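Analysis of the macromolecular model
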Amino acid sequence: MAAREANPNFMNGVPELLILRLLQQREMYGYEIVQAIRSRSGDVIVAGEGVVYPVLHALERAGALKSRRKTVNGRSRIYYSVTAAGSRRLAGLAETWTNLAAAIQTILKGGRHAYAIR
Amino acid sequence: MPTPFDELRERLLRAGVAPRHVRRYLAELADHLADLTNEELHAGRGRADADSAALVRLGTMEELAQAMISRRDCQSWCARAPWAMFSLAPLFSLAAAYFGAAFYLWCGWNLFLSEADTPFGVHLQPIYGIANLYFQAGKFFYIVAPFLAGWGIAILAARQRLKAIWPITAMLLIAWMGGTAQIQASRSGVSGLVHIRIHCFAFGASGQAVFESLGRILAIFTITALPWVIWRIQMARSSTTAGPSRA
């Protein structure tokens, strides 16, 4: 039987996944990102809005995002966009979460999923 | 007047988050807060209600602080390895400065006093003009190097809100190294090659030499530590008068 990696924290990677997915469509600044997450999740995912910035900074340092300062309507803002490395990271995270969500759904319905949780 | 993020700034810096990350984080939070306040105002709230609703939506200070503090890659080197930043780094930087001063002296000796056995003391031909300016500049750099190193440490410690033990340790080491540093220059009689040596940390053999070294150590330590001590006192006073600014 093949050894499988444990998933110590189900919420690990969720903020990164959502941010990368949103920014893949277009560049945004922090406030826009948070509002997009709120509206697209139907207000299900709600947290202190300011906590998005440490995640953005970490993704930028990891090379998944790049930022640039842009002045719009007289206000200078930091806009974030996804890099090629960020797109690859998004693909990996999305696959993991798709499998995880499918596995959880199967367990909730009482069945057995084809793939174990990775 | 305290801003909504003064307390957060202090907390992040004390937790070891690098000042550049703190600056950017707070700037983005301030922008975000302005956007939230505008949104609440457009929704029909009054100014005071909009301000407080925006602060609630932004997150509690605990949430905002923990989100940044938990990122270890945002920690400064002063927080990650203070023993290196405040013991090894100042000594190496002062040693590098003294090495530069010795090299500068060696160049000047060869350039302006190529016949002299030593660049120090009274020479047969008095030094004027550019040569005099050159050696005075070198002497000035040699004297101020420990002060610059000490003040650099003070700035680092102040920016990171470090406990007193680290900057004081660093300033004592710098004062000891700077107060006991001695440059010796001589020319080999046979080959004519010049030799420059720098001795540090050793006190002189005579009582007067020890006394002079201790005096220099005390002077360097006092002058480098004084601005930092004054800053600490002012910070302590302002924190007691301002009180907490962000719930």
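Bear in mind the structure is a predicted one, so any value in this text is a computation, not a measurement. (Residues numbered from 1 in each chain as written. Chains lettered and ligands numbered in written order. Predicted model: local features only at pLDDT ≥ 70, side-chain atom pairs only at ≥ 80, totals over all residues. Heavy atoms only, no water.)

Each helix and strand counted, chain A has four helices and three strands in total. In chain A, the succession of helices and strands from N to C terminus is α-β-α-α-β-β-α. Within chain A, the fraction of its 118 residues that count as buried is 39%. Once local pairs closer than 6 in sequence are excluded, the contacts in chain A between residues at least 24 apart make up 47%. Surface summary for chain A: the accessible area is close to 7000 Å², and the carbon and sulfur share equals 55%. (Helix = DSSP H or I, 4+ residues; strand = E, 2+ residues; numbered from the N terminus. Buried < 20%, exposed > 50% of the residue type's maximum accessible area, 1.4 Å probe, protein only. Contact = heavy atoms within 4.5 Å. Areas by Shrake-Rupley, 256 points an atom, 1.4 Å probe, with all protein chains shown as cover.)

For a regular strand, the rule is simple: side chains alternate between the two faces of the sheet. Residue and element names in this part refer to chain A. Pairing of strand β2 (residues 65-72) with strand β3 (residues 75-82), which is carried by eight bridges, proceeds in the antiparallel orientation. Pairing of Lys-70 across the sheet is with Arg-77, part of β3. Taking the residues that link successive antiparallel strands as the turn, the β2-β3 hairpin has two residues, and the phi of Asn-73 there is positive, at about 50 degrees. (Pairing = 2+ DSSP bridges.)

So, about the interface of chain A and chain B. Counting residues at the interface gives 25 residues for chain A, matched by 22 residues for chain B. Where chain A meets chain B, there are seven salt bridges. With a closest N to O distance of 3.6 Å, A:Arg75 and B:Asp31 form a salt bridge. If you list the elements that add at least two residues to the side of chain A that touches chain B, you get α2 (30-40), α3 (52-61) and β3 of chain A. The element best represented in the side of chain A that touches chain B is α3(A), accounting for seven residues. (Salt bridge = Lys/Arg side-chain N within 4 Å of Asp/Glu carboxyl O.)

Let us now look at helix α1 (residues 6-14) of chain B. Taken together, the buried positions of α1(B) are occupied by B:Leu8, B:Glu10, B:Leu12 and B:Leu13. The first or second residue beyond α1(B) is B:Gly16, which carries a positive phi of 100 degrees.

Our next topic: the nonpolar core. Counting 47 residues, the largest nonpolar core has A:Ile19, A:Leu23, A:Ile33, A:Leu56, A:Leu65, B:Leu8 and B:Leu29 as its most contacted members. Counting residues in each nonpolar core, the second largest holds 19 residues, with B:Leu94, B:Ile153, B:Ala154 and B:Ala181 among its members. (Core = buried A, V, L, I, M, F, W, Y, C linked by side-chain atoms within 4.5 Å.)

Turning our eyes to something else, we now look at the sheet that holds β2(A). All names here are of chain A. Read from one edge to the other, the open sheet built from three strands follows the order β1-β3-β2, with strand pairing classed as antiparallel. The sheet terminates laterally at β1 (28-29) and β2, the two strands that pair on one side only. Across two bridges, β1 lies against β3 in antiparallel orientation. Bridge pairing in β3 places Tyr-29 opposite Tyr-79. This element, α3, spans β2 and β3 of the sheet and lies at about 120 degrees to β2. (Axes fitted to C-alpha atoms, helices over the stretch in contact; angles between N-to-C directions.)

This part is about the confidence of the model for chain A. Per-residue pLDDT for chain A averages 83, and the proportion of residues at 70 or more is 81%. Across chain A, the secondary-structure element scoring lowest on mean pLDDT is α2(A), at 90, and the one scoring highest is β1(A), at 94. (pLDDT = per-residue confidence, 0-100.)

This part covers the environment of A:Val44. Residue and element names in this part refer to chain A. If you trace the backbone, Val-44 turns up in the loop between α2 and α3. Overall, the relative accessible area of 67% leaves Val-44 in the exposed class. Along the chain, Val-44 and Ile-78 lie 34 residues apart, while their C-alpha atoms are 26 Å from each other.

Attention now goes to the side chain of A:Ser41. Residues and elements named next belong to chain A. Relative to the helices and strands, Ser-41 resides in the loop between α2 and α3. Take Ser-41: its relative accessible area is 18%, and that puts it in the buried class. A distance of 3.4 Å separates a polar side-chain atom of Ser-41 from the backbone oxygen of Arg-38. (Polar contact = N/O pair within 3.5 Å; in protein donor to acceptor, adjacent residues only side chain to side chain.)

Let's shift gears to empty space enclosed by the protein. With a probe scaled to a water molecule rolled over the atoms, the places where space remains empty come into view. The final tally for this structure, using the stated rule, is two cavities of 30 Å³ or more. Of the pockets and cavities examined, the largest cavity occupies roughly 80 Å³. As for the largest cavity, its lining consists of A:Tyr29, A:Gly30, A:Tyr31, A:Tyr53, A:Arg77, A:Ile78, B:Glu28, B:Asp31, B:His32 and B:Asp35. Those elements giving two or more residues to the lining of the largest cavity turn out to be α2 and β3 of chain A together with α2 (19-42) of chain B. With four residues, the top contributor of residues to the lining of the largest cavity is α2(B). When its residues are assigned to classes, the lining of the largest cavity shows four nonpolar, two polar and four charged. Here the second largest cavity is characterised by a volume of approximately 40 Å³. When the residues that make up the lining of the second largest cavity are grouped by side-chain class, the tally is three nonpolar, four polar and one charged. (1 Å grid on protein atoms, 1.4 Å probe; cavity = no way out; pocket = protein on both sides within 12 Å on 5 of 7 lines; lining within 4 Å. Points joined across faces, edges and corners; volume = space filled by probe spheres on them. Nonpolar A, V, L, I, M, F, W, Y, C, P; charged D, E, K, R; others polar.)

Looking now at the domain arrangement of chain B. Residues and elements named next belong to chain B. The domains assigned to chain B are domain 1 (3-74) and domain 2 (77-242). Using only C-alpha atoms to locate each centre, domain 1 and domain 2 end up separated by 42 Å. Taken together, the contact between domain 1 and domain 2 spans 11 residues of the former and six residues of the latter. Summing both sides of the interface, domain 1 and domain 2 together bury roughly 730 Å²; the carbon and sulfur share of this comes to 43%. Its largest share of buried area at the contact with domain 2, domain 1 owes to Leu-13, Pro-19 and Arg-72, together 50% of the area lost on that side. Among the secondary structure elements, those contributing two or more residues to the side of domain 1 that touches domain 2 are α1 and α2. By residue number, the principal contributor to the side of domain 1 that touches domain 2 is α1, which donates four residues. (Domains from an automatic or database assignment. Buried area = accessible area lost by both parts, 1.4 Å probe.)

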